[in-house]
Structure formats: structure tokens, C-alpha cells
Amino acid sequence: MEDARLGMLDGGNSGLKKTLKVRDLTAFGVAAVVGAGIFSTIGTAAADGGPAVSLLFIFTGIACAFSALCYAEFASIVPVSGSAYTYSYIAFGELVAWIIGWDLLLEYAIGNVVVAISWSDYFTGFFNEIAGHYGRHVPAFLTTDYRTAYDGFKQAQDSIQHGQILSKLNPALQNSFSAWKDSPHLAGIPLIMNLPAILITVFITWLVYIGIKDSKNANNIMVVIKLMVILLVIAVGAFYINTDNWIPFAPHGLSGVMKGASAVFFAYIGFDAISTTAEECENPRKDLPKGIIYSLIICTILYVAVAFVLTGMTSYVNLRVGDPLSYVFAAKGVSWMHAIVSVSAIVAMSSVLLVFQLGQPRIWMSMSRDGLLPKVFSRIHPVYKTPSFSTILTGFVVVIPTFFMKSDELTDLTSIGTLFAFVLVCGGILLMKNNPDMSEKRFKVPFVNGRYIVPGMFLVTVWIMIQFFPSSLKDFFLLDSNQSITEKLPMLIFILSAIALTIGSYIKKLSLIPVLGLISCLYIMTGLGYINWLRFVIWLIVGLAIYFLYGRKKSKLAVVSQQSTVNSKES
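Residues numbered from 1 in each chain as written. Predicted model: local features only at pLDDT ≥ 70, side-chain atom pairs only at ≥ 80, totals over all residues. Heavy atoms only, no water.

### Overview of the packing of helix α20 (residues 485-508) against helix α21 (residues 512-526)
Between α20 and α21, the shortest axis-to-axis distance is 9 Å and the interhelical angle comes to 170 degrees. Taken together, α20 and α21 sit at an angle that is classed as roughly antiparallel. Residue-level contacts link Pro 490, Met 491, Phe 494, Ser 497, Leu 501 and Ser 505 of α20 to Val 515, Leu 518, Ile 519, Leu 522, Tyr 523 and Thr 526 of α21. In terms of residue class, the contact of α20 with α21 is built from nine nonpolar, three polar and no charged. (Axes fitted to C-alpha atoms, helices over the stretch in contact; angles between N-to-C directions. Helix = DSSP H or I, 4+ residues; strand = E, 2+ residues; numbered from the N terminus. Parallel < 35°, antiparallel > 145°, perpendicular 65-115°, else oblique. Contact = heavy atoms within 4.5 Å. Nonpolar A, V, L, I, M, F, W, Y, C, P; charged D, E, K, R; others polar.)

### What to know about the environment of Ser 315
Examined against the element boundaries, Ser 315 turns out to sit in the loop between α13 (284-313) and α14 (324-331). In the structure, Ser 315 is positioned 269 residues away from Ala 46 in sequence and 9.5 Å away in space, judged by C-alpha atoms.

### Quick word on the packing of aromatic side chains
By the definition in use, this model includes 23 aromatic pairs. Taking the centre distance of 5.5 Å and the plane angle of 80 degrees together, the rings of Tyr 71 and Phe 422 count as edge-to-face. Here Tyr 71 is found in helix α4 (residues 53-77), whereas its partner Phe 422 is found in helix α17 (residues 407-432), with 351 residues between them in sequence. As far as the burial class goes, Tyr 71 and Phe 422 line up, both buried. Taking the centre distance of 6.3 Å and the plane angle of 35 degrees together, the rings of Phe 153 and Trp 180 count as tilted. Of this pair, Phe 153 sits in helix α7 (residues 146-161) while Trp 180 sits in helix α8 (residues 171-182), and the two are 27 residues apart along the sequence. Using a relative accessible area of 12% as the deciding quantity, one classes Phe 153 as buried. Among the residues examined, Trp 180 registers a relative accessible area of 17% and is labelled buried. Through a chain of ring-to-ring contacts, the aromatic side chains of Trp 98, Trp 102, Trp 539, Tyr 547 and Phe 548 assemble into a single cluster. Across the ring face of Tyr 506, the terminal group of Arg 451 is positioned such that the distance to the ring centre comes to 4.8 Å. (Phe/Tyr/Trp six-rings, centres within 6.5 Å; stacked < 30°, edge-to-face > 60°. Buried < 20%, exposed > 50% of the residue type's maximum accessible area, 1.4 Å probe, protein only. Lys NZ or Arg CZ within 6 Å of the ring centre and 35° of its normal.)

### Description of the confidence of the model for the protein
A residue-level look at the protein finds 86% of positions with pLDDT of 70 or above and a mean pLDDT of 81. Under a pLDDT of 50 for its full length, residues 1-16 has, in the predicted model, 31 contacts with residues more than four places off or in other chains. A low-confidence stretch, residues 434-439 stays under pLDDT 50, and its non-local contacts, those more than four residues away or across chains, total seven contacts. (pLDDT = per-residue confidence, 0-100.)

### Remarks on the nonpolar core
The biggest cluster of nonpolar side chains holds 139 residues, and the ones touching the most others in it are Phe 39, Phe 57, Ile 230, Leu 325 and Phe 329. Here Phe 329 is in contact with Val 233, Val 236, Gly 237, Met 313, Val 334, Met 337, His 338 and Val 341, once residues within four sequence places are set aside. Listed in part, the 10 residues of the second largest apolar core include Ala 140, Ala 149, Ala 156 and Ala 179. (Core = buried A, V, L, I, M, F, W, Y, C linked by side-chain atoms within 4.5 Å.)

This is the structure we're talking about:
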């Protein structure tokens, strides 16, 4: 079985043309990252954490950098086109590979639901801006999901009953109130749907189905356009900054900043896609890590600058909208910037939708070819030469949640699933450090002995908490605090994991960067709350049930094992 997995390690004679350089890899990274995050979820993060959310972008960027180096080592170990699923399958076996593959469903397909909803927000805002001159607009009940409309209507109704004026409420609440109040009914049920999100998903799925492919040159041009627009937003927005909006800097304290962890991390999702291009890199050992790190640095700087501009142009409480960049310029009466941002966001998020709608079917196809999913998932269309069934199924997986799932819930689920995959990747690098089967001619995560550094960092962190955050420690460890045991569980898991990694670093002299990647990703996960942890555990249980009921019995490794058993008995 080991030979069956390690037989795929040599990707040097794959036949794919090696043309990608550092510039191209950096552009791919920026293309994947600059999308719904900077155009949408950054508003939610700012609304939760205030201007201090800019610091969370820096911390998350560093955490992603640790994981990115681990991805780069994986890609150089297995220089073939694929994903973290492919790497983990070859390096660790099918169980871990299944878990990561199941997680990637959250990153690609479920994550694309958030992108589609954000695309709808920008498209609707742009359309209403144009159609408004003719007295037309898209009805609110055709631009939101059922639950958002219902919850928003109840919240707005409660505010009105307490003397607040509807026109003074948050724009998102006003939209939800109108959606529920004005929607037509069928058999007493309000007909509410996010029609633009559905239509763009159907269109992108059709494009993917017939085999649309992006060239590196087209991608590089698109990245240049994206960057020009973001820089324009920063430059123009700087003239409308009111520094009073930056006070208080962290209105809800550390807990408020960490509440935005999901939205902030979602902004970085996609950088790992660079690692799948190792087979087409001229020099993957040197260029892959450079491309990953350069793209992360560029995107982090942009995110921090945009966060400061947004929270400076308006109060953070106004930013819980689906199109924050467009909203702040519309609120300031800068209509030409509002139009530019809206059109750019539509184009940018369309490209992200296309990239991830292309990726998910191919992950399913790989899993099917390994026997972990039924053969229909790897069925190739006779004319278009695309994974036809998997592509159509991906379209349904993205469309259906838009009817009833809230964008923030999907963002949380996507973030926690992807973070868990990063944890596995970082942990995998630690386990593989002494694997004799792996070629020495590869990129390696720089080794820094963590024997004394990790324990030192742990002790310094404990000292800082005791000196500057004693009330937080008291609330956490007291049984009669406001938080229940279940609410404390994510942080407890993190603390126990940090202690275990600290002890392991001292005893085993563990490599520092993968350890820091593990710790930082686990810490970001604690900011997602126990409800999202529970949802993720349920998601994982469902995935493991599918694996043990079907994949484990039908996989290629199982067939090889059975055949070996038969041959040994015959001999």
C-alpha cells in the first residue's frame, strides 16, 4: 500500500509545460485572495472589532504565512497538479486525505456561496444606482435569503417599537425589513430568494461545464486591474477620513476583535491554491515559497490599509453591509467611485467564483479516482472533457444554501474548516521531517529549533495575560463566570494543545514554523465560537460516516490490500 501511494511522487515527466515564474505565482495568489474578502467580509469584521480589526489582519496574515510555507514543502514533495488532498493522500494515507478533502468542500463550494452572495450585493447596488434614475430597483425580496429577511424583520420591528425610525436603522436591517414585508406569498409562505446569486452561480457553473480555462496572461491582467482599483479606493478614501471614527480603537475589546476572526480569515482563503501549480513551475523549490509569501505580504498590506480607510470614512457600526467599499463612497456622495468599486467587485468576484467552481469538481474527481467516492464523480464529458457530474453537483451545492443560509454562518463554517485543514498540513510537516522516502531536492520549511523558543513564548504569553488581562483569566477559570463550560471548550482545547506543543517542542526539538502555524491557526479557531465548532464537528462526523461506510471499502488502497491478502493465501 505504501508503494501505491509513493508511486505518484515523481511529477517531473508529467508533460505539463513549466512556464510559471515568481511573478506569475504571486499574481495567482493575489487573484485568489483579492475577492469577496476585501470587497465584502471586511465590513463584517470591522463592524465587530472596530478599527482594531486592522491588527487582526496582520496576525492572520502571519498565521497564513506559517501555513503557506508548509504548503510549499508539500508541493515540492509532490510536484504534481492537485491540492492538499493529493499531497496528504500520498504522504499520510487516505483517512487524513479524506478529512482534508472533506474540508476543502467547505473552502471551495461552501465558500463560494459567500462569494455569490457578496457578488449579488454589489450587483444589486450597482443596478439600483443605474435603474434608480428611471424609478426602478430590484425588489429586496429577490436579493436576500429567507432567514436573513425573517431575522432582520423581527429585529427592525423590535427597534421601531422602541421608538427608533426605520430610515435610521442599519441599511442591512432596512433591506431585510422590506424583503419580508413586501414579498409575495404562496400558500402563506413568503417567496424570498437571492436571485442574482442564483443566476451568477448557474452562469459560472455553465462556463465551467463547457471547459472555460484561464491563461496566466489573462489572470495577470485581471490582477493588475484589481490592484489599481484597490489602490484607488485607498487613495481617494484617504481624503474622506475622519480620525474621530478611529476612537475608540477597539470598542468591544479583544473579544470584539476576535469575533471578526472568521471574516478576516475568510479574506485570506485561496492563497493555498498556488501550491497546486508546482508541476508548472520552472523552479518550484525556490519560486513557490516566494510567490506564496509575496502574495500574502501584498494582500495583508492592502487589507490593513482598506480597513483603516473604511473605519475612518464612517463609524464601524455602519459597516455590517454586503458591499462596504461601495457603501462608504455612496454615503459620501462620491458616485463615480461607487460605480467603479461596484463594477470592479463584480468582475473580481466573478473570477473568484470561476476559479473555485473549477477547483471543487476536480477535487471530487481525484477522490473518485482514488475510490473514495462513486465513479460518477470522475465521469468526463465526451465533448467538453470536464468532470460533468461533479461540476453540476457543485452548482447545486452552491445554489441551494443561498435560499436559507446566512452569509456570516457560511463564512464561519468555511473558515473553521479551512483552518482545520491548515492545522493538519502544519502537523503533517512535523510528522514528515524524518521521512526517508522523500527526496532531499525539495523546498523545506526553514528549520529553527523550537526547543527553547516555544516554551519561552509560552511563558511570556502567560506573564502578559497575568499582568495585563487578569480579569479575562479570572472569567475563564471561574465556574460562575458568564461563559458556560461549552463556550469555553474551544479555548480549553487551544490551551491544552499549546501546552502539548510546548512540551513536545522541548522534548522532540520540533521545528518552530510548523508549531507556530499550528498554534496560530488553532487560536484563530477559538474566535469562531463553540457553535461553529459544533457545526464543524457534525460536518466532520458526516464526512467520516461516508468514508467508513463507502470510501474505506471501495478505495484503491483497500483493493490493493485485498489483492495482497489473496495472493499471500494462494502462495
